[in-house]
Every structure is written in structure tokens, then in C-alpha cells.
Amino acid sequence: MTEKYEVKLSRRESLKWLGALSASSLIPAGVAFAVETELTKGIGHWPTLKLSPITAKGYGKDPNLIIPPKSPWPKTLTQSQLNLVATLSDILVPREGEVPSGSEVGVPDVVDEWVSAPYSRQQRDRTTILSTLLWIGDEAKLRFGKTFNELSSAEQLMIIDDIAYDKNVKNEEFAQIIPAFSRFRSLVLAAFFSSPAGMKDIGYIGNVPIMGDYPGPTKEAMVHLEQVVKKLGLTL
């Protein structure tokens with residue numbers, strides 16, 4: 001993807017996704033700490049970022065739900081960073097038939113909202129995500145003398161294949177970028193599968209009313225549940 005990424009979501013929509021992701025278990029809260037631990041090793045060409053703190057107050061514990069602020073904090077990703085996030089999102093979640101790609105459903109808008117939010121969890125991820133983007137950009141220039149978005153698909157995948165698998169973490173060159181890219185990938189996938197298109201793709205239909213008595217779980221679900229309970233030494 002070399003074209004300019006155009007914002008797909010309104011602030012209301014991207015804030016809604018941010019809230020949903022913050023409250024869900026799709027993005028494990030503890031991973032950020034593990035990544036930070038890895039980032040302290042100082043191996044390879046890992047960038048050193050000096051980011052200005054985001055000082056917006058956020059919604060607070062008692063937000064005005066009647067007239068919520070339209071823009072509680074400014075979004076911080078640059079256009080070039082959004083373009084890179086869009087390209088990476090489409091590598092991780094490409095279009096398949098009628099199922100749209102990551103950038104088509106607005107994943108870059110959600111990533112921008114996430115790293116721009118003033119809360120501690122998001123600010124920990126901000127350093128990780130921005131370092132990941134900068135590392136990938138530097139790696140593209142070191143290997144091919146171009147920006148990542150200027151590379152061919154094959155050249156882009158050569159870089160991604162090196163940093164997408166834990167088996168390469170023993171290579172000191174990738175020891176820092178692999179856990180950081182894993183965090184970025186988790187955010188992209190969580191954002192995509194929280195979108196209407198993503199939920200439809202996995203068959204999630206949410207809470208729907210059932211006419212009449214509740215029929216109970218399916219036989220397949222009960223078999224699975226019994227197996228899990230048995231492993232725990234319990235009985236139903």
C-alpha cells in the first residue's frame with residue numbers, strides 16, 4: 001500500500017472501539033510489561049524514543065454521559081505512521097473475498113486512538129507501538145534503501161516473516177522487535193475482530209433474544225465443557 005490512508009471512522013466510532021477493547025480480554029493487560037522488559041536489553045538497531053507525555057485528562061471516573069466531549073484528546077499518529085499501520089494491518093488481515101481487510105474497516109483509526117489515549121495502559125503501548133513502526137521503517141531502509149510502503153509485497157514479507165515468529169527471538173537482531181510486533185499484531189487483530197465485519201467473519205452474533213424457554217448449550221458445547229471440568233478435577 002503506497003497511497004495515503006484516509007480516516008474511516010468518526011471519533012465517536014473509534015472511541016467506542018477503544019472502550020470496547022479496554023474492557024475486553026482481547027488485548028492482555030500484562031503483555032505490555034513483558035514487552036517493556038524485552039525492550040530494555042538494548043540489542044540491535046532498536047530506536048530510542050523521547051516522547052512528549054500526553055497530558056489530556058481523559059474522561060475521568062464521572063464522565064458527562066449527557067454531553068460527552070467530542071474530542072477528549074488529540075490523536076497523535078502522523079500521516080506516514082497511519083500509512084504504515086494501514087499497510088501492516090492489511091498484511092496481518094488481508095481482504096478475503098467479501099471480508100474486508102484491516103485498513104478497510106478502519107483498524108488504523110483504532111490504533112491511533114489507542115496510542116493517543118492518556119491512560120497508563122495505552123501509554124505503555126504507545127512507546128511499544130511507535131518503536132515498532134520506527135524499527136520496521138529503519139529495517140526497510142537498511143535492507144532495501146526504501147520506505148516500507150515503497151517495497152514490493154515480497155520484500156515487505158521478508159521483513160515481516162523475520163519478526164512474526166517466536167522461533168526467531170533467539171536471534172539477537174530480532175530479540176526486541178518480535179515481542180513488540182506481537183503486541184502490535186494483538187492490537188490490530190483485536191481491533192479487526194471487534195468491528196462489525198470482523199465479528200461477522202467469525203460468526204459472532206452477540207446477545208440476541210430467544211423466543212420461549214432457553215434450550216441450553218449444544219451437545220458439542222457440553223462435551224467440551226465436561227472435558228474442561230474433568231481436567232480441573234471437578235464435576236458438573
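Higher on the page you've got the structure.
This structure is a prediction, so every number in the text was calculated from the model and none was measured.

Caption draft 1: Highlighting the packing of helix H6 (residues 153–163) against helix H7 (residues 177–193). Where H6 meets H7, the closest approach of the two axes is 9 Å, and the angle between their N-to-C directions is 105 degrees. Considering their axes alone, H6 and H7 lie roughly perpendicular with respect to each other. Residues Ile-160, Asp-162 and Ile-163 of H6 touch H7, and the partners they reach there are Ile-177, Ile-178 and Phe-181. Considered class by class, the residues forming the contact of H6 with H7 number 5 nonpolar, no polar and 1 charged.

Caption draft 2: View of helix H3 (residues 79–92). The end-to-end C-alpha distance of H3, which contains 14 residues, comes to 20 Å, matching closely the 20 Å that a straight helix rising 1.5 Å per residue would cover. For H3, the complete set of buried residues consists of Leu-82, Asn-83, Leu-84, Val-85, Ala-86, Thr-87, Leu-88 and Ser-89. Residues of H3 that are buried in the fold lie against helix H4 (107–116), helix H5 (120–144), H6 and H7.

Caption draft 3: How the structure looks around the pattern of salt bridges. Taken as a whole and judged by the stated rule, the model has 5 salt bridges. Taking the shortest distance from any N to any O, the salt bridge between Asp-162 and Arg-143 comes out at 2.7 Å. Of this pair, Asp-162 sits in helix H6 while Arg-143 is found in helix H5, placing the two residues 19 residues apart along the sequence. For Asp-162, a relative accessible area of 22% puts it in the partly exposed group. Residue class for Arg-143 comes out partly exposed when judged on its relative accessible area of 29%.

Each value, and the rule that gives it
- Residues numbered from 1 in each chain as written.
- Predicted model: local features only at pLDDT ≥ 70, side-chain atom pairs only at ≥ 80, totals over all residues.
- Heavy atoms only, no water.
- Axes fitted to C-alpha atoms, helices over the stretch in contact; angles between N-to-C directions.
- Helix = DSSP H or I, 4+ residues; strand = E, 2+ residues; numbered from the N terminus.
- Parallel < 35°, antiparallel > 145°, perpendicular 65-115°, else oblique.
- Contact = heavy atoms within 4.5 Å.
- Nonpolar A, V, L, I, M, F, W, Y, C, P; charged D, E, K, R; others polar.
- Expected span 1.5 Å × (residues − 1).
- Buried < 20%, exposed > 50% of the residue type's maximum accessible area, 1.4 Å probe, protein only.
- Salt bridge = Lys/Arg side-chain N within 4 Å of Asp/Glu carboxyl O.

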